[in-house]
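Each chain, letter by letter, is given below.
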Amino acid sequence: IASQLFNVKMLALNTDFTTLKAYTGDVNLFLIATPNYLSGDSDAQKQAKCDAASSLTALQTVSFANQSVKDLSLNYSSAYRDVAFKITYNDNGTTKHVCSRDNFSIRPSTYTLVPSSTPLVGGRNYSLTINSVSGANIVPGYNQSITNTSDTIATMDLSLPSGCTLAPSSTPLASFTFANGS
């Protein structure tokens, strides 16, 4: 969730990418848009895509002192749909990059719906402004299309005041797109 801490373990791995090794030195951690890895890509092609990936955030330097694991608490103020980590480190004088392969999303904490006019009266059409929000702020950099397909169904629940005789319902919203949080 944007603007909330989450925990990550950073591991120093041997060249087999399985066993841990003790590492001393600084590494730089970046958040990147997940590279477009294709199933037919060779390891060299995947590495080239990782090397070329540009950062979405400022670098965070992590210092290892003969350690194989570092526990990190991270906080990113923007929401992103499909991201990964990129780590840059020095290997005997050569700068190397490694990118995580388990991509993830950082979502807004909530959404706000603001009608074009109030009070809302039954039987009339209204436009809604929908914003992705973290705290009281619109989340910058969040781009997402909601098209009411099976993986992105958006509904609006009608909250009725007590004593109202209408049946409660959920109404599908028309397709919409967030661009930079709005």
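Everything discussed here concerns the structure shown above.
From a predicted model like this one, the values you see are computed outputs, not experimental measurements. (Residues numbered from 1 in each chain as written. Predicted model: local features only at pLDDT ≥ 70, side-chain atom pairs only at ≥ 80, totals over all residues. Heavy atoms only, no water.)

K.L.:
Before we move on, could you go through the overall build of the protein chain and cite the residues and values that matter?
P.N.:
Of regular secondary structure, the protein chain possesses one helix and 14 strands. By residue count, 27% of the 182 residues in the protein chain fall in the buried class. For the protein chain, the share of sequence-separated contacts (at least 6 apart) that also reach a separation of at least 24 residues comes to 65%. Counting only carbon and sulfur atoms, one obtains 52% of the accessible surface of the protein chain, whose full area is about 11600 Å². (Helix = DSSP H or I, 4+ residues; strand = E, 2+ residues; numbered from the N terminus. Buried < 20%, exposed > 50% of the residue type's maximum accessible area, 1.4 Å probe, protein only. Contact = heavy atoms within 4.5 Å. Areas by Shrake-Rupley, 256 points an atom, 1.4 Å probe, with all protein chains shown as cover.)

K.L.:
Explain the state of the cysteines to me, using residue names and the numbers behind them.
P.N.:
Counted by the stated rule, this structure contains one disulfide. At a sulfur-sulfur separation of 2.1 Å, the disulfide partner of Cys50 is Cys99. Handedness here is read from the sign of the S-S torsion; for Cys50 and Cys99, about 90 degrees, the answer is right-handed. Of this pair, Cys50 sits in helix H1 (residues 43–52) while Cys99 sits in strand S6 (residues 94–99), and the two are 49 residues apart along the sequence. For the pair shown, Cys50 and Cys99 are each scored as buried. (Disulfide = S-S within 2.5 Å.)

K.L.:
So, the environment of Ser127: which residues are in play, and what are the values?
P.N.:
By the element assignment, Ser127 lies in the loop between strand S8 (110–115) and strand S9 (128–134). For the pair Ser127 and Leu113, spaced 14 residues apart in the sequence, the C-alpha separation amounts to 9.7 Å.

K.L.:
So, unusual backbone geometry: which residues are in play, and what are the values?
P.N.:
Cis geometry is found at the peptide bond from Thr118 to Pro119, where omega equals -5 degrees. You can see Pro119 is positioned in the loop between S8 and S9. Phi at Ser3 is positive, roughly 65 degrees, even though this residue is not glycine. Structurally, Ser3 is set in the segment before strand S1 (6–11). Notably, Asn92 is not glycine yet its phi reads approximately 55 degrees, a positive angle. Of note, Asn92 is situated in the loop between strand S5 (80–91) and S6.

K.L.:
Can you break down the pattern of salt bridges residue by residue, with the values?
P.N.:
Throughout the structure, instances matching the rule amount to three salt bridges. In this structure, Asp71 and Lys9 form a salt bridge, with 2.8 Å as the shortest nitrogen-oxygen distance. With Asp71 in strand S4 (residues 69–74) and Lys9 in strand S1, the pair connects residues that are 62 residues apart, well separated along the chain. On the basis of relative accessible area, Asp71 is assigned to the exposed category, the value being 58%. Under the relative-accessibility criterion, Lys9 is labelled exposed at 57%. Here Lys49 and Asp41 are joined by a salt bridge, their closest N and O atoms 2.7 Å apart. Asp41 sits in the buried class, given a relative accessible area of 12%. (Salt bridge = Lys/Arg side-chain N within 4 Å of Asp/Glu carboxyl O.)

K.L.:
Describe the sheet that holds strand S10 (residues 137–138), naming the residues involved and giving the relevant values.
P.N.:
Strand order in the open sheet formed by three strands is S8-S9-S10, and the pairing between neighbours is antiparallel. The open sheet has two edge strands, S8 and S10, and neither has a second partner. As paired strands, S9 and S10 are joined by two bridges and run antiparallel to one another. Bridge assignment links Val133 to a residue of S10, and that residue is Ile138. (Pairing = 2+ DSSP bridges.)

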